[in-house]
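One letter stands for each residue in the lines below.
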Amino acid sequence: MSTAAAVKMQIQTIGAGFMFSREAKAFGAAVGATEFLGPYVRGRGGVLGEVDADVVTSAFGFFPGEVVRRAWESLELPAEKAAAGYLGVCQDFGRRKLGGFDGAGRLAELLAPVAAAADPAGVALFAGWRALPQAADDPARAMQLIQVLRELRGGLHLIAVRASGLTPQQAVLIGGSPKNSGPDQARSFGWPEPYQEITPELRQRWDAAEALTDELIAPAFADLDQAQGAELAELLTTANGLVYNR
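Residues numbered from 1 in each chain as written. Predicted model: local features only at pLDDT ≥ 70, side-chain atom pairs only at ≥ 80, totals over all residues. Heavy atoms only, no water.

Novice: Talk me through the environment of Ala4; I want residue IDs and the actual numbers.
Specialist: Within the fold, Ala4 resides in helix H1 (residues 3–17). Note on Ala4: relative accessible area 3%, which makes it buried. Leave out the neighbours within four places in its chain, and Ala4 touches Arg153, Asp214, Ile217, Ala218 and Phe221. (Helix = DSSP H or I, 4+ residues; strand = E, 2+ residues; numbered from the N terminus. Buried < 20%, exposed > 50% of the residue type's maximum accessible area, 1.4 Å probe, protein only. Contact = heavy atoms within 4.5 Å.)

Right under this line is the structure:
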């Protein structure tokens, strides 16, 4: 198994953790939000700048356009400030969850060259998050780099999904999330029911999209040798346990 494939689940789950954290809820309350999606969309997408909501939809990919527009326009918070605030949420979450993790520094050290080596073409959210200033302390920097690489894989996965002949809604219905079934994830994203039947052919396309995503992201990990790749997978597995067990 390639390093990219070996670490994809940890990066996805750890990276998602801060978005539902107490820090994220405090950020939402501070900016006057009454729902989750407003600060999530404005904060995560703020790196794109003060753009029309369709631009955010194009980068997020897996959400209905009307849901993104409603959330993007729900807060009178400048995009730059939203991005800075959401970055702070990510970093503070890392400090709380990885603050006692002796491997946080090494984890950041291994993740940094991967993020630096990745080609930003076609993955705007990744490019925007990578451009944000990095935290000085190891736990916050490690968490920030995990989020950066989560955006890389997410953006490349969107490309692979479309190249494999799937719609974003179909991809959500098939892929779900580590915590939700496909239909439950689709509901949480705002896709209206009824949902289509997922046929074996669609699942084959999904498998092809997953394989293509692994192929597209692999060059970013090319500078890590086999031992470093195994070390990175082990550190991320430990970090995942810390994030979800404390």
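Novice: Tell me what's going on with unusual backbone geometry, and back it up with residues and numbers.
Specialist: Here the residue pair Glu193 and Pro194 is connected by a cis peptide bond, since its omega of 5° sits within 30 degrees of zero. Along the polypeptide, Pro194 turns up in the loop between helix H11 (182–189) and helix H12 (200–217).

Novice: Explain helix H2 (residues 22–30) to me, and be specific about the residues and the numbers.
Specialist: Those residues of H2 not exposed but buried are Glu23, Ala24, Phe27 and Gly28. Buried residues of H2, seen end-on, are gathered within an arc of 140° and therefore sit on one face of the element. Of the exposed residues in H2, those oriented more than 90 degrees away from the buried face are Arg22, Lys25, Ala29 and Ala30. Turning to H2, the residues buried within the fold contact helix H3 (37–45) and helix H6 (79–98). Backbone geometry just after H2 places Gly32 at a positive phi near 80°. (Arc of directions from axis to C-beta.)

Novice: How would you explain the environment of Gly99 if you had to name every residue and give the values?
Specialist: Assignment of secondary structure puts Gly99 in the loop between H6 and helix H7 (104–117). The class of Gly99 is partly exposed, set by a relative accessible area of 48%. Taking the C-alpha atoms as reference points, Gly99 and Pro168, separated by 69 residues in sequence, lie 36 Å from one another. Setting aside anything within four residues of it in sequence, one finds Gly99 in contact with Gly94 and Pro139.

Novice: Got a sec to walk through the pattern of salt bridges? Specific residues and values, please.
Specialist: Summed over the entire model, instances satisfying the criterion amount to 17 salt bridges. The residue Arg44 makes a salt bridge to Glu151 at a minimum N-O spacing of 2.8 Å. With Arg44 in helix H3 and Glu151 in helix H9 (residues 138–163), this pair connects stretches of sequence that are 107 residues apart. Judged by relative accessible area, Arg44 falls into the buried class, the value being 9%. Looking at Glu151, the relative accessible area reads 3%, which means it is buried. (Salt bridge = Lys/Arg side-chain N within 4 Å of Asp/Glu carboxyl O.)

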